[in-house]
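Examination of the molecular architecture
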Amino acid sequence: MKLTGWQIFWIVGTAEVVMAVWLRISPAVEIAKQDAWMSMLLSCVLGGAITYLVVKVGMQHPGQSLTQFSQELLGSWLGKIITIPYFTAWFILSGDVLRSFADFIHLVLLDQTPVWVLMMMILGAAIYLTGTSGITGIGRFCEIAGPVTIITLLVSFLLNISNAKWRNLLPVIGDASLKEIVSASFAPSSFLGESFMLLVLLSFVSNSRHILAKSMASVCLTGILLTIATVTVLMVFGTAVAQELRFPYFMLVRSINILNFIQNLDILVIFIWIFGVFAKISLYLFMTSYEMAQWFRIKSWKRMIWFNAPIIFIIALSIPNETTIILLQKLWETIVIPVCAVAIPLCLWIVTSAKRKLVKTDNQ
């Protein structure tokens, strides 16, 4: 299984952009008010820093995934222990995304269909793609879904120009302090910091040339699109309304009405979100299955799909309400990102550098 640099670009972008635009605008507006777009720009910087760190760590161990090089650096037991937070994070995120997706489709489109049926449908499709094509198939899917998603986002922004009011962005740094603007950036940066998936994906890259630049560009593109989406939501709805909307981007698309002819475009956006959720669930199902097979030293990683898919489904089914989803997202922001995207990769980088210096010293 191999990935190209551009497939890495589109995998990261497709997995991040849909959920970030869908879920992270309202919390930022609630804290930073009309200056939420500044928070999004800051989150882009923070996400880029995390991406730089994890790519540097991954490139120091070519051809090896997280489970493999962590055991090589720290020994079998300690190396396995530090991967446990990653498994926990990926399972929880997959369940959270699956439940959020099913709840939304149930709310706006298929209100007579049980939520568990909707979850089974998307999870079944993810099992098929992951089991038949692995990461290569996921990469190829994202090469198609990624550009379609970005084009759809840009078109939806342009079609809302007639509804936009620039005065909704004023005053700049008026109702929110710099501390609040920084605080509001943490939630979206936690979604952009999801790029620590590269600790696994880089082991499949066939040519590492320009891989850092493409990974950084993917996260920056996501951050820029998130910023544009936030600006558009603020200009169309204003602060008071935007912070109360559960899915502000979806409502943004619903508000498109040009000459009473171009309207009801929200169904297209639903399909785009399905693409993003499908890519994300497939990606995390593959990563958990592949890494768990490495963890237990199982030759066929595909066997783990039949163990991991039910776990994801049970987690999604166990989420009782929206309050729990918000709590899980807060957990991702305050614990998972500091531990899995910053602390552990930084420790691995330090250990790798120290060991290489010791080897050079011994050789001299």
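Please read all numbers here as calculations on a predicted model, not as lab measurements.

Procedures and definitions
Residues numbered from 1 in each chain as written. Predicted model: local features only at pLDDT ≥ 70, side-chain atom pairs only at ≥ 80, totals over all residues. Heavy atoms only, no water. Helix = DSSP H or I, 4+ residues; strand = E, 2+ residues; numbered from the N terminus. Buried < 20%, exposed > 50% of the residue type's maximum accessible area, 1.4 Å probe, protein only. Patch = residues over 30% accessible without salt bridge, like charges linked within 9 Å, V, L, I, M, F, W, Y side chains within 5 Å. Areas by Shrake-Rupley, 256 points an atom, 1.4 Å probe, with all protein chains shown as cover. Salt bridge = Lys/Arg side-chain N within 4 Å of Asp/Glu carboxyl O. Phe/Tyr/Trp six-rings, centres within 6.5 Å; stacked < 30°, edge-to-face > 60°. Lys NZ or Arg CZ within 6 Å of the ring centre and 35° of its normal.

So, about unusual backbone geometry. With glycine set apart, most residues show a phi of negative sign, and most peptide bonds adopt trans. The step from Leu170 to Pro171 runs through a cis peptide bond, and the omega angle for that step is -5°. Following the sequence through the fold, Pro171 ends up in the loop between α7 (115-158) and α8 (178-192). In this structure, Arg297 takes a positive phi of about 60° despite not being glycine. For Arg297, a relative accessible area of 61% gives the class exposed.

On to a nonpolar patch on the surface, then. Residues Leu109, Leu110, Ile267, Leu268 and Phe271 make up a contiguous nonpolar surface patch of roughly 420 Å² in combined accessible area. Relative to the helices and strands, Leu268 is located in helix α12 (residues 266-296).

For the rest of this paragraph, the subject is the packing of aromatic side chains. Under the defined criterion, the tally for this structure stands at 26 aromatic pairs. Both rings, one in Trp6 and one in Phe9, keep their centres 5.3 Å apart while their planes meet at 70°; by these two values the pair is edge-to-face. In this pair, Trp6 and Phe9 both sit in helix α1 (residues 5-23), three residues apart, roughly one turn of the helix. Joined through ring pairs, the aromatic side chains of Trp22, Phe101, Phe104, Phe157, Phe247, Tyr249, Phe250 and Trp273 make up one cluster. Note that Lys80 overlies the ring of Trp295, its terminal NZ or CZ placed 5.2 Å from the centroid.

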